Amino acid sequence: DTAVSQTPKYLVTQMGNDKSIKCEQNLGHDTMYWYKQDSKKFLKIMFSYNNKELIINETVPNRFSPKSPDKAHLNLHINSLELGDSAVYFCASSPSIADGYTFGSGTRLTVV
Amino acid sequence: AQSVTQLDSHVSVSEGTPVLLRCNYSSSYSPSLFWYVQHPNKGLQLLLKYTSAATLVKGINGFEAEFKKSETSFHLTKPSAHMSDAAEYFCVVSEPSNTGKLIFGQGTTLQVKP
């Protein structure tokens, strides 16, 4: 199936741990994104990569580090997790601005 | 700076009646506008998009939206609601750059009553 796939779907971890979320797209898109959806369902961009190059880095703590080994993958690594990091993280990809995004199904991160 | 305001945080309709979800945008440029839907515990799905072609845009599942520049609006409509339409709906504007950044509205929860 052509899609944007994220793993894991659910992630429960303790404060202070380091965790990674993986994202892969097989749509041939050049641009990939990470968005965070908070408990009020508000979505905000975190990072964007175009052909492995970082093009958007919003005001995100440097505990969050994206890595794009190739244009089909954009992983998100989070160090020293905090309670406030609990959210749903969505990966997305797009071929161009005008086409909109294809979203992954999300990763629900719960920090306890 | 671009922004979108969804005028209703919650809309409740009866099955078979029309749906209207309101969205106003603010943009210094001719914007690209989108509506996304998020069903409970699911990802976001693109319903429709406006990219300076026809002002009346038809999307999936019977939804459509009309771009009105004079009113800076991009309201989403559907003639007859179905129970499966119950979800969260997001109005979205793109930034006029080559970054592809999307700016989301706060969302509108659509409830469909039997």
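You'll find the structure just up there.
Our subject in this report is the structure included herewith. This structure is a prediction, so every number in the text was calculated from the model and none was measured.

Residue and element names in this part refer to chain B. Looking at the secondary structure, you find S9 in the loop between β1 (3–6) and β2 (10–14). Put simply, S9 and F104 are 95 residues apart on the chain and 13 Å apart in space, counted from C-alpha to C-alpha. For S9, the residues in contact, after removing those within four places along its chain, are G107, T108 and T109.

Attention shifts here to the packing of aromatic side chains. Residue and element names in this part refer to chain A. The final tally for this structure, using the stated rule, is 17 aromatic pairs over all chains. An angle of 55 degrees between the planes, with centres 6.5 Å apart, marks the rings of Y33 and Y35 as tilted. Between Y101 and F103, the ring centres sit 5.5 Å apart and the planes meet at 50 degrees, which makes this aromatic pair tilted. We classify Y101 as buried; its relative accessible area is 5%.

Before going further, it helps to spend a moment on the pairing of strand β2 (residues 10–13) of chain A. Residue and element names in this part refer to chain A. Judged by which residues are buried, β2 turns out to be one-sided: L11 and T13 face inward and are buried, whereas Y10 and V12, on the alternate face, are not. Taken together, the four bridges between β2 and strand β11 (residues 107–111) define a ladder with parallel strand orientation. Note on β11: the bridge partner recorded for Y10 is R108.

Every regular strand shows the same layout, with side chains that alternate between the two sheet faces. All names here are of chain A. Among the eight residues in strand β9 (residues 87–94), eight count as buried, and that is most of the element. The side-chain alternation of β9 yields two buried faces, one formed by A87, Y89, C91 and S93 and the other by V88, F90, A92 and S94. In this sheet, β9 lies alongside strand β4 (residues 31–37) in antiparallel orientation, the contact comprising seven bridges. From the neighbouring strand, T31 faces β9, where its bridge partner is S94. Bridge count between β9 and β11: three bridges; the pairing is antiparallel. Across the sheet, V88 pairs through a bridge with R108, a residue of β11.

About the cut-offs
Residues numbered from 1 in each chain as written. Chains lettered and ligands numbered in written order. Predicted model: local features only at pLDDT ≥ 70, side-chain atom pairs only at ≥ 80, totals over all residues. Heavy atoms only, no water. Helix = DSSP H or I, 4+ residues; strand = E, 2+ residues; numbered from the N terminus. Contact = heavy atoms within 4.5 Å. Phe/Tyr/Trp six-rings, centres within 6.5 Å; stacked < 30°, edge-to-face > 60°. Buried < 20%, exposed > 50% of the residue type's maximum accessible area, 1.4 Å probe, protein only. Pairing = 2+ DSSP bridges.

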